[in-house]
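Overview (structure and organization)
Next come the chains, spelled out residue by residue.
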There are 4 protein chains.
Amino acid sequence: MRRTPADWREDIYRVIFEADTPSGRLFDVVLLWSVLISVALVMLDSVASIHAVYGAWLYRAEWVLTVLFMVEYLARLVSAPRPWRYARSFFGVVDLLAIVPTYLSLFFAGSQMLLVVRALRLLRVFRVLKLGRYVREAAVLQQALRASRPKIAVFLYTVLTMVAIIGTLMYVIEGPERGFTSIPTGVYWAIVTLTTVGYGDISPVTPVGRILASMAMILGYGIIAVPTGIVTVEMARARDSGAVSTRTCHTCTGEGHDLDARHCKFCGAELPPLEPF
Amino acid sequence: MRRTPADWREDIYRVIFEADTPSGRLFDVVLLWSVLISVALVMLDSVASIHAVYGAWLYRAEWVLTVLFMVEYLARLVSAPRPWRYARSFFGVVDLLAIVPTYLSLFFAGSQMLLVVRALRLLRVFRVLKLGRYVREAAVLQQALRASRPKIAVFLYTVLTMVAIIGTLMYVIEGPERGFTSIPTGVYWAIVTLTTVGYGDISPVTPVGRILASMAMILGYGIIAVPTGIVTVEMARARDSGAVSTRTCHTCTGEGHDLDARHCKFCGAELPPLEPF
Amino acid sequence: MRRTPADWREDIYRVIFEADTPSGRLFDVVLLWSVLISVALVMLDSVASIHAVYGAWLYRAEWVLTVLFMVEYLARLVSAPRPWRYARSFFGVVDLLAIVPTYLSLFFAGSQMLLVVRALRLLRVFRVLKLGRYVREAAVLQQALRASRPKIAVFLYTVLTMVAIIGTLMYVIEGPERGFTSIPTGVYWAIVTLTTVGYGDISPVTPVGRILASMAMILGYGIIAVPTGIVTVEMARARDSGAVSTRTCHTCTGEGHDLDARHCKFCGAELPPLEPF
Amino acid sequence: MRRTPADWREDIYRVIFEADTPSGRLFDVVLLWSVLISVALVMLDSVASIHAVYGAWLYRAEWVLTVLFMVEYLARLVSAPRPWRYARSFFGVVDLLAIVPTYLSLFFAGSQMLLVVRALRLLRVFRVLKLGRYVREAAVLQQALRASRPKIAVFLYTVLTMVAIIGTLMYVIEGPERGFTSIPTGVYWAIVTLTTVGYGDISPVTPVGRILASMAMILGYGIIAVPTGIVTVEMARARDSGAVSTRTCHTCTGEGHDLDARHCKFCGAELPPLEPF
């Protein structure tokens, strides 16, 4: 039986896009390692002393990896059922950006730094891990974070308003001669302080400035409790609703019953007994 | 049918104070954007290099926006059912403070910095968001924070006492010649350390000072758990009391039914309808 | 009816030691304010520029307050049912330490700094607040922290071992010429890093040192989750056990029944119905 | 009755390896103190001023302790039922490493620093504590951390990808002349920033760099909520599954009984006895 081009395309698709066959999994592992190595090479090449000695070797290795990634990109384009849709997807764009900078560097010096965008390809690792127990964990995390979003937005918004006001006050109090050269600088300082990063490149000197700074610090130290509380509660919820959704009512197919429920909360029919899990 | 002045006033009131009509919503969105732009202009004007080149333009834009905000303020005063009550409310004062500094800057140089107070007007954004799902989220957050207040007060009080004692000890141990010029400076340092901000503008040098500092750091690192725990527990509570209604099954008096439950999960009887809350 | 000395003593006792009569409460409030003022005076006196101008006034104010505190201390001694027991109690010692340094300063210059110990007297504030809703909150906090202690001890112990090893490694890697002058200095640096304080007075320079430092930072960033988790869980527990203990079995007087329990978990008798709360 | 060598061996084994006899416990306490003292000596010896004065004494004390630890190591080897298995175990290797550096220091100056590895022996402390209530606490902590591992791995992986991208961007934006000498340096800076350590040895200066840094800080400030949430939820779970036994009522199959329950809280029937776990 002869294999048609369509068969070939499906075989390539299986290997490249799916991760549930041995060869597909092998492909993903090899891909991850070459991405890791390629990112490491770009990083090392930026170190002046390493560049001076191994620059030529790193340059060649970069080209070899770029050609390999280009072949992979073309194979993806060819085998994808809807090539154009793939090309515009998040990973399609990232895959392209992982190749382009090397060519650009022929014309613009330094543009190969952009190769670090390849690090984003590492996010594919989750697909590889998908086969294991990581799916459920990632799902719980995602559900919790999605549910937290509106509350986090309200929180972030309040923080940004506070930071704008504190930053301006500090600019007025401390003034340009003590490092607070402009309001944006003051806002930058306020963010550095409120997030408890505290570089110390700019720090208050006047008594009034230090009192305001102290209040900002205690505020920042305290309000970290808010996003933490939000995410924790949502995570507990996501996990509970995961433990809960295993039982389905045989009468109305309703889901989401508590573990101690004996009757369906939607139609009142008796629920099947809870299986050990 | 002719429109009376009272009709006009009510129309203006609808647009300016309410956000549930298309024109009211549009007004709020336009207002938010002009506040954002006006805050950005004040910030940019404080950057010396930008002020040198675009100072004149920024000055004019500021006046345009100030006039617009003044018109809005007057419209609010005119259309409010009780103008005096509005004028003394939080947003009434903020709305006034958003106009005054520009006029003041005619007499006192630099007072236009105070325009940053306009950032507070951004808090109106919550009113705009009110129409969406943000109401419930904000309510849960508020309820949790209100319930946490007494415990947070006890916590803050303990922290301030600790900071006063640690700061004085460091002043005695390290002394003025190593940056700890006074007890207030020592307290400032203690706050910087306990909140894990750590600027490094003042840092202990003597062995005893470093041992005390290490203890303060570990303390600060550990006690962040307390407000976080408080807020998390209250947030879980606020959410539960929201998600689990106070409905009781009229047949078996079972409690703890989900908001989407129609039948008692203990005996299967129909539940009373959910009241709006 | 003539008042005996014993009556007088009891009156004084009521005012000074108790806080549930109007005069007792007034006494506590006045005491708190004078402690606050006295602490503020000591702090201000340590500022060189203030001392130069107002030093004499502050000196007199200090003596006035010291005499007042001494009168109060003697009144406490006289009115306490067991004077010796009071004198050895925590607050008895603190009350004494709040007077002594002023007298000491007649002989030893600078010893009046120790007056800051007066800040500890502020902890009496909790007794004043006791009358309000703060009792229950403080009790919940205390119960949670007491229950967390063994787990926190295990955690602290592990952190100290890690800090000792990381600090020594950094001393070996970076060496004295880069600020890591000894192993204790290295341990100090490790604590500064692990607690995310990060002064920057000492920071790694070599590549290996920076890699180790990065690992220490991520570790410190992550393990903050452990004490937070511990305290949060215990706090949820302390609060729940508060919500639970309201119902008592009428047969065996057992307490601690869940909200959804219908029978006593100790003797099996039917529980009284749950009252609305 | 004469004691055979096997008896002796068992006696030694009891004392050295077990901690539930008085002599075994005494041995562990003595061991812990000598480890603590030995670690303190190594640390003090690294301080130049102390080494200059007490160097000779510290040297002798080190040898005394090393000989003691060697005797202990040999006793462990002799008395262990499977000496080879002990020698290759974690504590076997640590026990050996606690002796070797002193001998090495005869040939290589400075190698006695490695004696700090002795700090790892302190982890034996958990075995001593085992006798108290710390077992259950440590078990709950361990169970929670083990359950958190896959989610923490997903989290760490995401953080490392972010750090790689942010670090490279900062290298491109700020450049070598502002301290960002290479991409690895940029990544180091990104870790220092994201974990809110913030040394300030390298900090952004350009406006674009500061905006990116601000975003990284807010990100780092926010995502600390994720591991905290994970660990808190798992800890609540571990505690619940510990506190609420898996006992089922044999009459109504009700679950979720407290550890101190003797009767089913749903039907009142007697519960099966609690098995030791």
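Cut-offs applied
Residues numbered from 1 in each chain as written. Chains lettered and ligands numbered in written order. Predicted model: local features only at pLDDT ≥ 70, side-chain atom pairs only at ≥ 80, totals over all residues. Heavy atoms only, no water. Axes fitted to C-alpha atoms, helices over the stretch in contact; angles between N-to-C directions. Helix = DSSP H or I, 4+ residues; strand = E, 2+ residues; numbered from the N terminus. Parallel < 35°, antiparallel > 145°, perpendicular 65-115°, else oblique. Left-handed = near helix turned anticlockwise from the far one by under 90°. Contact = heavy atoms within 4.5 Å. Nonpolar A, V, L, I, M, F, W, Y, C, P; charged D, E, K, R; others polar. Buried area = accessible area lost by both parts, 1.4 Å probe. Salt bridge = Lys/Arg side-chain N within 4 Å of Asp/Glu carboxyl O. Polar contact = N/O pair within 3.5 Å; in protein donor to acceptor, adjacent residues only side chain to side chain. Least-squares fit on C-alpha atoms with pLDDT ≥ 70 in both. Core = buried A, V, L, I, M, F, W, Y, C linked by side-chain atoms within 4.5 Å. Buried < 20%, exposed > 50% of the residue type's maximum accessible area, 1.4 Å probe, protein only. Phe/Tyr/Trp six-rings, centres within 6.5 Å; stacked < 30°, edge-to-face > 60°. Lys NZ or Arg CZ within 6 Å of the ring centre and 35° of its normal.

1. Looking at the packing of helix 10 (residues 207-223) of chain A against helix 9 (residues 183-194) of chain B
Closest axis-to-axis distance for the helix 10 of chain A/helix 9 of chain B pair is 9 Å, and the angle between their directions is 25 degrees. Classified by the angle between their axes, helix 10 of chain A and helix 9 of chain B sit roughly parallel to one another. Where helix 10 of chain A crosses over helix 9 of chain B, the two elements pack in a sense that is left-handed. Facing helix 10 of chain A, whose interface residues are A:Arg210, A:Ala213, A:Ser214, A:Met217, A:Ile218 and A:Tyr221, helix 9 of chain B presents B:Thr185, B:Tyr188, B:Ile191, B:Val192 and B:Leu194. Each residue belonging to the contact of helix 10 of chain A with helix 9 of chain B can be placed in one class, and the counts come to eight nonpolar, two polar and one charged.

2. Notes on the interface of chain C and chain B
Of the residues lining the interface, 44 residues belong to chain C; the matching set on chain B comes to 44 residues. In this assembly, chain C packs against chain B so that about 3,900 Å² is buried in total across both faces, 74% of it on carbon and sulfur atoms. Remark: the boundary between chain C and chain B carries zero salt bridges. The interface formed by chain C and chain B contains six residue pairs in polar contact (both at pLDDT 80 or more). If one sorts the elements of the side of chain C that touches chain B by residue count, helix 8 (residues 134-174) of chain C sits on top with eight residues. For the side of chain C that touches chain B, the per-class residue count stands at 32 nonpolar, eight polar and four charged.

3. Thoughts on the packing of helix 1 (residues 5-17) of chain D against helix 3 (residues 48-79) of chain D
Residue and element names in this part refer to chain D. Across the interface, helix 1 lies against helix 3 with an axial gap of 9 Å and an inter-helix angle of 125 degrees. Overall, the two elements helix 1 and helix 3 adopt an arrangement that is oblique. Classified by chirality, the crossing of helix 3 by helix 1 is left-handed. Along the contact surface, helix 1 presents Arg-9, Ile-12, Tyr-13, Ile-16 and Phe-17, while helix 3 presents Ala-75, Arg-76, Val-78 and Ser-79.

4. Side note on unusual backbone geometry
The phi dihedral of B:Thr196 is positive, around 60 degrees, even though this residue is not glycine. Along the chain, B:Thr196 turns up in the loop between helix 9 and helix 10 (207-223).

5. Some thoughts on the relation of the copies chain C and chain B
Both copies of the chain are related through a single rotation about an axis accompanied by a shift along the same axis. Turning chain C through 89 degrees and shifting it by 0.2 Å along the axis lays it on chain B, with an RMSD of 1.1 Å. The superposition operator between the copies reduces to a four-fold rotation axis.

6. A closer look at the nonpolar core
Grouped together as the largest cluster of nonpolar side chains are 228 residues, with contacts concentrated most on A:Trp189, B:Trp189, C:Trp189 and D:Trp189. Contacts of A:Trp189, omitting those with residues within four sequence positions, involve A:Ile166, A:Met170, A:Phe180, A:Ile202, A:Ser203, A:Pro204, A:Ala213 and B:Tyr199.

7. So, the packing of aromatic side chains
Counted by the stated rule, this structure contains 16 aromatic pairs over all chains. Ring plane angle 70 degrees and centroid distance 5.5 Å describe the contact between B:Phe180 and B:Trp189, whose orientation is recorded as edge-to-face. Judged by its relative accessible area of 0%, B:Phe180 falls in the buried class. Residue B:Trp189 is classed as buried on the basis of its relative accessible area of 1%. Here the guanidinium or amino end of A:Arg60 rests over the ring plane of A:Trp57, the centre of that ring lying 5.0 Å away.

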